[in-house]
Amino acid sequence: MVPLVALAAGAGEKPSSASKPAEKAASAEKAPSAEKAPAPEKVTKTEEQWKKQLTPEQFYILREKGTERAFSGKYWNNHEAGTYRCAACGQPLFTSDTKFDSGTGWPSFWKPLSPAAVELHEDNSHFMSRVEVVCSRCGGHLGHVFTDGPEPTGLRYCMNSASLAFEKK
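Residues numbered from 1 in each chain as written. Predicted model: local features only at pLDDT ≥ 70, side-chain atom pairs only at ≥ 80, totals over all residues. Heavy atoms only, no water.

**So, the overall build of the protein**
Here comes step 1: A count of helices and strands for the protein gives three helices and nine strands.
Here comes step 2: Helices (α) and strands (β) of the protein occur, in sequence order from the N terminus, as α-α-α-β-β-β-β-β-β-β-β-β.
Here comes step 3: In the protein, buried positions account for 47% of the 169 residues.
Here comes step 4: When contacts within the protein are restricted to residue pairs at least 6 apart in sequence, long-range pairs at least 24 apart make up 57% of them.
Here comes step 5: In the form shown here, the protein has an accessible surface area of approximately 9,200 Å², with 52% of it arising from carbon and sulfur atoms. (Helix = DSSP H or I, 4+ residues; strand = E, 2+ residues; numbered from the N terminus. Buried < 20%, exposed > 50% of the residue type's maximum accessible area, 1.4 Å probe, protein only. Contact = heavy atoms within 4.5 Å. Areas by Shrake-Rupley, 256 points an atom, 1.4 Å probe, with all protein chains shown as cover.)

Have a look at this one:
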């Protein structure tokens, strides 16, 4: 696990473009004057309980770390104002204010609602080195974070629509 708080060393420094996404995410999200958000209460369920609650696609993505096809999810082109929550546990994760069109076919955000909303994990699957983003409350796989996003963070949280539930403002 690569929690944001553990990566906050050097948070006052502007990360270089060569920074790892997890380090860059920690630096960009930890404002010097920001108070540390309390850790959310964990949600723990058996795989059978998750299967009953989630659709097959949601289970595949959130619990088995799958990925939906680009341009196939319901939120990649959503332009309404509101909050994106974890589809498994309902925790608020992102707002429409930080959503942008990355051209990738997945909903993309330049920062989470709060640093405590997500956890970052090293992901070396599929012969790639990436940083996985999971819900800090239930551990559900949301997507990955990359360092090719817009300012002010330079990050692109590339999420699966099926891992999100949208609540209109």
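**Observations concerning the sheet that holds strand 7 (residues 141-146)**
Here comes step 1: Taken together, the six strands give an open sheet; going across it, the order is 3-4-8-7-6-5, and neighbouring strands pair in antiparallel fashion. The sheet terminates laterally at strand 3 (99-100) and strand 5 (118-123), the two strands that pair on one side only.
Here comes step 2: Where strand 5 lies against strand 6 (residues 130-135), six bridges are found, and the strand directions are antiparallel. Bridge assignment links D123 to a residue of strand 6, and that residue is R130. (Pairing = 2+ DSSP bridges.)

**Focus on the nonpolar core**
Here comes step 1: Counting residues in hydrophobic clusters, the biggest one holds 28 residues, and the most contacted among them are C86, L93, V133, C138, L142, Y157 and M159.
Here comes step 2: Every element with two or more residues in this core is listed here: helix 3 (56-62), strand 1 (82-86), strand 2 (92-95), strand 5, strand 6, strand 7, strand 8 (156-159) and strand 9 (164-168).
Here comes step 3: Counting residues per element, this core draws most heavily on strand 6, which supplies three residues.
Here comes step 4: With near-sequence residues (within four places) excluded, L142 lies in contact with L62, L93, V118, V133, V134, C135, C158, M159, N160 and S163. (Core = buried A, V, L, I, M, F, W, Y, C linked by side-chain atoms within 4.5 Å.)

**Considerations on the UniProt feature "binding site: Zn(2+)" (unreviewed entry) in the protein**
Here comes step 1: The positions that UniProt labels "binding site: Zn(2+)" (unreviewed entry) are, in the present scheme, C86, C89, C135 and C138. Annotated residues spanning 53 residues; largest pairwise C-alpha distance 8.7 Å, indicating a single compact cluster.
Here comes step 2: Here C86 shows up in strand 1.
Here comes step 3: Given a relative accessible area of 2%, C86 falls into the buried group.
Here comes step 4: With near-sequence residues (within four places) excluded, C86 lies in contact with L62, Q91, L93, C135, C138 and S163.
Here comes step 5: Its location among the elements puts C138 in the loop between strand 6 and strand 7.
Here comes step 6: Aside from chain neighbours lying at most four places away, what touches C138 is V43, W50, R63, C86, A88 and C89. (UniProt positions renumbered as here; feature names shortened; annotations may be inferred.)

**Structural notes on the pattern of salt bridges**
Pairs can form between side chains of opposite charge once their charged atoms are near each other.
Here comes step 1: Scanning the entire structure with this criterion turns up six salt bridges.
Here comes step 2: In this structure, the salt-bridge partner of R85 is E167, at a minimum N-O distance of 3.1 Å. Of the two residues, R85 is situated in strand 1 and E167 in strand 9; the sequence distance between them amounts to 82 residues.
Here comes step 3: By relative accessible area, which is 40% here, E167 ends up partly exposed. (Salt bridge = Lys/Arg side-chain N within 4 Å of Asp/Glu carboxyl O.)

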